[in-house]
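For reference, the chains in residue letters:
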Amino acid sequence: MADSGHLPHALLITGPAGSGKMLLARAFARYLHCENPSNGEACGVCRSCRLHAENSHPDLHYVYPIVKSEKLKRYVSADMANAWHEMLERYPAMPEEKWLELLEAGNSQPCIYVNEAEKIVESDSLPPFSTDHKIFIVWQPERLRPEAANKLLKVIEEPSPTTMFIFVSNNELQLLPTITSRLQRLHAGRFSDREIMDYLMERYGMRDYDALGLAPLCNGSIIRADELGGHTGESEEFLAMYQDVMRAAYSKRVAMLKILAERTAAWGREKLCRYLDYTARMIRENFIYNMNMPQLSAMTREEENFATRFSPFVNHLNVEDFARETDMAKRDVARNGNARLVMFDYFIQCIILLHRKAAK
């Protein structure tokens, strides 16, 4: 599109979370602004490329959902610019839950308000500052308030000749039809295991063996790859704890479960939530393992070795309640419940579930 000069005035990039949509949008904007592009890549050294690297290019405008607060006066994206820059630098794959944490959203739902639409309309009437294209990257346009979306219809359909919109959506079905009808679509699919493996090796310096084992667990998502790669060594630690808990629960060793609850509680809230996510995955994988369909399973060699002996105890009698109890424990920990009590109660529930038998 860029090399041919046939650019749409409004582009919609869709796809599942973790498919690199935002990275693609940012790379496209940088390429359009680059002074010396070559072979489909921005040069990386010109003034425009340096400004993009610093997230400070005057002709690139980000629009993203925020939450209402007494501190905000206009309810526009710029009010949360510091949090946004931290998001781009620390979490470029754009996991939504991290944005909610940075916003301190609590139970509030982020939105793009009408004040933002008014600002976009006003900015569209101004010429670009230093390049040929003024670009608006709109992240999660499905969160546009109806009044904001309606106000943007005219400018999306007939923007200034130098203006381009790039919408990046996790769920295009939630967009107003009047918006999507004005956009040219581009779908970003999931990554292959090989691409995820290369990503883990390049970004986190993993050995090929370790990356090969983790890649299938990512399900084609670089968000998941960042979670696993950013906590190298945790999988082994979590597997060891998972094995200790399940062995103690099966043997009804309550005193040992109390000790394990204290150990896990000492990890802190974030790590403990990751452990419970890991446990939920192991419960699911052990249940699937019983089907004798290896193509459906996504476990490391060490995890599978334990599953060969443990999986029969995760079955149709308890798997749903296992998942429910694990989710409840994570919810309570995330809400600052007493982690030691929450985990001890959860481990006691594991005893009950592992020994559940069919009713006569």
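Provided above is the structure to which this section pertains.
Please read these numbers as outputs of a predicted model, since none were measured by experiment.

Caption draft 1: Spatial organisation of the overall build of the protein chain. The helix and strand inventory of the protein chain stands at 16 helices and five strands. Oriented by its inertia axes, the alpha-carbon framework of the protein chain measures out at about 75 × 45 × 35 Å. Looking at the protein chain as a whole, 45% of its 360 residues qualify as buried. Taking all contacts inside the protein chain whose residues are at least 6 apart in sequence as the whole, residues at least 24 apart take part in 71%. Total accessible area on the protein chain is roughly 18800 Å²; 50% of this is exposed by carbon and sulfur atoms.

Caption draft 2: Seen up close, the environment of S69. Along the chain, S69 turns up in the loop between strand 2 (60-63) and helix 3 (81-90). A relative accessible area of 29% means that S69 is categorised as partly exposed. In the structure, S69 is positioned 70 residues away from W139 in sequence and 20 Å away in space, judged by C-alpha atoms.

Caption draft 3: View of the packing of helix 13 (residues 269-289) against helix 15 (residues 319-334). Between helix 13 and helix 15, the shortest axis-to-axis distance is 9 Å and the interhelical angle comes to 170°. In terms of their interaxial angle, helix 13 and helix 15 are classed as roughly antiparallel. Contacts between helix 13 and helix 15 pair R269, L272, C273, L276, D277, T279, A280, I283 and F287 from the former with V319, F322, T326, A329, K330, V333 and A334 from the latter. Tallied by class, the residues present in the contact of helix 13 with helix 15 amount to 11 nonpolar, two polar and three charged.

Caption draft 4: Spatial organisation of the packing of aromatic side chains. According to the stated counting rule, one finds 20 aromatic pairs in the structure shown. Between W84 and W139, the ring centres sit 5.6 Å apart and the planes meet at 50°, which makes this aromatic pair tilted. Linking W84 in helix 3 with W139 in strand 3 (residues 134-139), this pair joins segments that are 55 residues apart in sequence. Each of the two residues, W84 as well as W139, counts as buried. Taken together, the ring pairs in this structure connect F238, Y242, Y250, W267, Y275, Y278, F306, F310 and F313 into an aromatic cluster. The ring centre of Y75 lies 5.2 Å from the NZ or CZ of K68, which sits over that ring.

Caption draft 5: Main features of helix 6 (residues 146-157). Spanning 12 residues, helix 6 covers 17 Å between terminal C-alpha atoms, matching the ideal 16 Å at 1.5 Å per step. For helix 6, the set of buried residues is A148, A149, L152, L153, V155 and I156. Close packing links the buried residues of helix 6 with strand 1 (10-14), helix 5 (114-124), strand 4 (163-169) and helix 7 (177-180).

Parameters and conventions
- Residues numbered from 1 in each chain as written.
- Predicted model: local features only at pLDDT ≥ 70, side-chain atom pairs only at ≥ 80, totals over all residues.
- Heavy atoms only, no water.
- Helix = DSSP H or I, 4+ residues; strand = E, 2+ residues; numbered from the N terminus.
- Buried < 20%, exposed > 50% of the residue type's maximum accessible area, 1.4 Å probe, protein only.
- Contact = heavy atoms within 4.5 Å.
- Areas by Shrake-Rupley, 256 points an atom, 1.4 Å probe, with all protein chains shown as cover.
- Axes fitted to C-alpha atoms, helices over the stretch in contact; angles between N-to-C directions.
- Parallel < 35°, antiparallel > 145°, perpendicular 65-115°, else oblique.
- Nonpolar A, V, L, I, M, F, W, Y, C, P; charged D, E, K, R; others polar.
- Phe/Tyr/Trp six-rings, centres within 6.5 Å; stacked < 30°, edge-to-face > 60°.
- Lys NZ or Arg CZ within 6 Å of the ring centre and 35° of its normal.
- Expected span 1.5 Å × (residues − 1).

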